[in-house]
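Okay, here's what each chain looks like letter by letter:
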Amino acid sequence: MKTPFLSLALALLVSAALPPVGSAAAESPSSLLQKGIYAEEIEQNLDSAIKIYEQIAAEAAANRGIVAQAQYRLAMCYQKQGNKEQAIKMLNDLVQQSPANAVVSKQARDALVALGETPATGLSIRRVALPFSVDWTWDFSADGRYVAYGSRLRNEDILVGELATGKSWMAFHGVKDKEYPSTNALISPDNRSIAFDVDNKDGGAGIYVANLDGSERRKIYACDPKAEWIFLLAWSPEGNRVLAGYSTAASANGDERAGRMNSNWSVVSIDVRTGVKSEFARPANRDRNRDTWVLSPDARLLARRKGDYPRTITVLNLASGREEVVVDRDANRVVGWLPNSKRLVFSKDGTDGVDLWAVNLEDGKPTAPSEKIWSNLGAGRQPSVERDGNLYYHTRQNNKPDSYELWVMEGFHAAKPAATKTESWRIQTDIPADEMIIGADNSVLDRKFGFGATLPSGWSVSSAVRQGNGGTVVQFQSTAIREARARSRIIYWPTTPWANPGSPANDFAASGAKPTTPEEIDAWLRNRLQMALEVYSKGTLRDHMTTHDSYTSRVINEHHAAIVTGRFTQNGKPWREVNTLVYSDKLIATCQFSAPEEKFDQIRPSYDRLAESIRLP
């Protein structure tokens, strides 16, 4: 039998007795931050919030991300009190001192603009509005003005968009099984032309050059798919040639990938006016698994990710033909070169997600060990550092699998960001930023409903979604959760209207009249959970076992709560789960966690800390 949570049928919640949490230890900076936000946003007590934020800022051992959030909050409190001069000073300090914290830095810059001030130098992040969903990006122009991209909405087409205006047009209309985009579409250095390679049903078909608007298209090189393979690498800095990987090999059976798979290959130069091809460089060897290839801005070095294991990155000096290993293991992909061609950015799998690393080079040789420059890109997809020094990436829009938005982090090169925690701009959500605040330490505050929680160390928010029944679902992730294939989330609903016949999941009246006294609240919570037990015992969830003696009443942050544990079977394996139901007059929340039996006790303490942190209005 399969069921991810006890609350599937009526969103009725179940969970086990939480062990008492000690109160002797001093509150952590993240807990203090949550209290400060609660005092500021929900209680409207600025004096109390300022004291808490000042306490956090004075904590030398506090996490930098938490300190930055506290300082931003402190500046906002000063602004609300009419102390504009102090607010501006603190905001400018934040922009200068916290470029690594992308969200806080952007908030500080936006707040300064709203106050009529010019922000200090630092990072800024903005979404690029384009008419078609960005499923992948081919290339960005050297000045950051244009992007060549692809979209599932125009599956075989090459699109060009102007990043400042959002204007977009089709540069090439491909047709499946005839000619369609292959590996690259690149904008020329002067922004006047676009070059792209194409395939057909027989294999590599060749390379085209056209005006940037797609007009005057002409094929500058045509392949014999049975004897050749060619793929576009880059424009020359002068814009009069394109560089490409080229092979003359073919397999006996005419496999269309034969040219990619053979070691007889070279880097060639093709004159865009005459179509004349000449050999540019011949690497010492050719890897069978071509992954990511990126030419340096000065066209002297070619970086490539090689192999499935140990997944190295090499840099080929096109003048000397010498190839150096610059990353010896565990590389993901080449992300890009910084403008001086002496710093290569690449990605690796980190503890909590994909990290960005950089290696300094001189003539293609590393001069120092690689260093991590950004931690956990989260939902950021296909990151690329471009010739303008900015970082581009896209994220899935509103949890729609075929809908992606393009983002740009301006000032990435100049700011030299240090490692940072997961930020809210990478979280999959359909909730407006002015309603849901997700801090760099992953504290959560829903300003619309007054819900708050502080995540355990190592946990992050993976998504936050408003449901049609009036509820909000916040999903969580961590390395332990991911490795165990476990699940954890919080769901909360406003209690008004108390009875909503159109939505059984929000029909609280089914568990009794709205309680008013502590005794009535405890009784209502017990009735709510008892209803769940009856549904499971009589319905399709008969294999779901929940013991009555696991029910426990307690108080969480001055609100009545009920906790129950349960067991079920999934894919033939035993699972355990715990659910905590918390009640307030305005909001009801349930914190849920389930995991395979052998992993449950390992993750349970972190879940307990999450449940204990829940704050309701």
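So, a few notes on the structure that sits alongside this text. (Residues numbered from 1 in each chain as written. Predicted model: local features only at pLDDT ≥ 70, side-chain atom pairs only at ≥ 80, totals over all residues. Heavy atoms only, no water.)

1. Examining the overall build of the chain
Scanning the chain from N- to C-terminus turns up ten helices and 36 strands. Out of the 617 residues in the chain, the part that is buried amounts to 55%. Counting only carbon and sulfur atoms, one obtains 47% of the accessible surface of the chain, whose full area is about 26500 Å². (Helix = DSSP H or I, 4+ residues; strand = E, 2+ residues; numbered from the N terminus. Buried < 20%, exposed > 50% of the residue type's maximum accessible area, 1.4 Å probe, protein only. Areas by Shrake-Rupley, 256 points an atom, 1.4 Å probe, with all protein chains shown as cover.)

2. Topic: the sheet that holds strand β5 (residues 168-173)
If you walk across this open sheet you meet the four strands as β2-β3-β4-β5, and the pairing is antiparallel. Edge positions in the sheet fall to β2 (136-140) and β5, since each of these pairs with one other strand and no more. Averaged over all neighbouring strand pairs, the angle between strand axes comes to 30°, with direction disregarded. The pairing of β2 with strand β3 (residues 146-151) spans four bridges and is antiparallel. By the bridge assignment, Trp136 is partnered in β3 with Gly150. (Pairing = 2+ DSSP bridges. Axes fitted to C-alpha atoms, helices over the stretch in contact; angles between N-to-C directions.)

3. Observations concerning the pattern of salt bridges
All chains considered together, the criterion is met by 22 salt bridges. The closest approach of N and O atoms between Glu40 and Arg73, which form a salt bridge, is 3.4 Å. A residue pair is termed long-range when its members are at least 10 positions apart, and Glu40 in helix α1 (residues 29-42) and Arg73 in helix α3 (residues 64-80) qualify at 33 residues. A salt bridge links Glu324 to Arg322; the nearest nitrogen and oxygen atoms lie 3.2 Å apart. (Salt bridge = Lys/Arg side-chain N within 4 Å of Asp/Glu carboxyl O.)

4. Regarding unusual backbone geometry
The residue Gln44 is not glycine, and still its phi comes out positive at about 60°. Structurally, Gln44 can be placed in the loop between α1 and α2 (46-58). At Asp330, a position not held by glycine, the phi torsion is positive, near 65°. Structurally, the position occupied by Asp330 is in the loop between β17 (323-327) and β18 (331-337).

5. Focus on the packing of aromatic side chains
Taken as a whole, this structure holds 13 aromatic pairs when the rule is applied. Summarising the aromatic geometry, the rings of Tyr146 and Trp169 are spaced 6.1 Å apart at their centres and angled 70° between planes, so their arrangement reads as edge-to-face. Taken together, the positions of Tyr146 in strand β3 and Trp169 in strand β5 put the pair 23 residues apart, joining distant regions of the chain. Taken as a pair, Tyr146 and Trp169 share a single burial class, namely buried. What links up through ring pairs into an aromatic cluster is the set Phe172, Phe196 and Tyr208. Sitting above the plane of the Tyr208 ring, Arg217 keeps its charged end 5.4 Å from the centroid. In this structure, Lys348 packs its charged tip against the face of Trp357, placed 4.5 Å from the ring centre. (Phe/Tyr/Trp six-rings, centres within 6.5 Å; stacked < 30°, edge-to-face > 60°. Lys NZ or Arg CZ within 6 Å of the ring centre and 35° of its normal.)

6. Details of the sheet that holds strand β13 (residues 277-281)
Within the open sheet, the four strands sit side by side as β10-β11-β12-β13. Their pairing is antiparallel. Two strands in the sheet have a free side with no partner beyond their single neighbour: β10 (229-235) and β13. Along the sheet, successive strands turn relative to each other by an average axial angle of 35°, direction set aside. Pairing of strand β12 (residues 265-271) with β13, which is carried by four bridges, proceeds in the antiparallel orientation. If you follow Ile270 over to β13, its bridge partner there is Lys277.

7. Here we look at the packing of α1 against α2
Relative to each other, α1 and α2 sit at 160°, their axes nearing to 8 Å. When the interaxial angle is binned, α1 and α2 end up roughly antiparallel. Classified by chirality, the crossing of α2 by α1 is left-handed. Contact with α1, carried on its side by Pro29, Leu32, Leu33, Lys35, Gly36, Ile37, Ala39 and Glu40, involves Leu46, Ser48, Ala49, Ile52, Tyr53, Gln55 and Ile56 of α2 and no other residues of that element. Here the residues of the contact of α1 with α2 sort into ten nonpolar, three polar and two charged. (Parallel < 35°, antiparallel > 145°, perpendicular 65-115°, else oblique. Left-handed = near helix turned anticlockwise from the far one by under 90°. Contact = heavy atoms within 4.5 Å. Nonpolar A, V, L, I, M, F, W, Y, C, P; charged D, E, K, R; others polar.)

8. Side note on α1
With 14 residues, α1 extends 19 Å between its outermost C-alpha atoms, agreeing within 8% with the 20 Å of an ideal straight helix rising 1.5 Å per residue. Extensive coverage of α1 is indicated by the burial of ten of its 14 residues. All buried positions along α1 are accounted for by Ser30, Leu32, Leu33, Gln34, Gly36, Ile37, Tyr38, Ala39, Glu40 and Glu41. Where α1 terminates, the next one or two residues include Gln44, which has phi positive at roughly 60°. (Expected span 1.5 Å × (residues − 1).)

9. Examining the pairing of strand β32 (residues 487-494)
With seven of eight residues buried, β32 lies mostly within the body of the structure. Pairing analysis gives four bridges linking strand β31 (residues 472-477) to β32, with the strands arranged antiparallel. When the bridges of β32 are listed, Val473 appears paired with Ile491. For β32 and strand β36 (residues 587-596), the ladder comprises eight bridges, and the chain directions are antiparallel. By the bridge assignment for β36, Ile490 is matched with Cys591.

10. Let's talk about the side chain of Thr312
Position of Thr312 among the secondary structure elements: in strand β16 (residues 312-317). In contact with Thr312, not counting residues within four places along its chain, are Arg304, Arg305, Lys306, Val325, Val327, Asp328 and Arg329.

11. What about the nonpolar core?
Residues Phe451, Ile490 and Tyr492 are the most contacted members of the largest nonpolar core, which totals 35 residues. Apart from residues no more than four positions distant in its own chain, Phe451 is found in contact with Val444, Leu445, Asp446, Ile490, Tyr492, Leu587, Ala589, Ile614, Arg615 and Leu616. Formed by 31 residues, the second largest nonpolar core is a distinct cluster that contains Ala49, Ile66, Cys77 and Val104. (Core = buried A, V, L, I, M, F, W, Y, C linked by side-chain atoms within 4.5 Å.)

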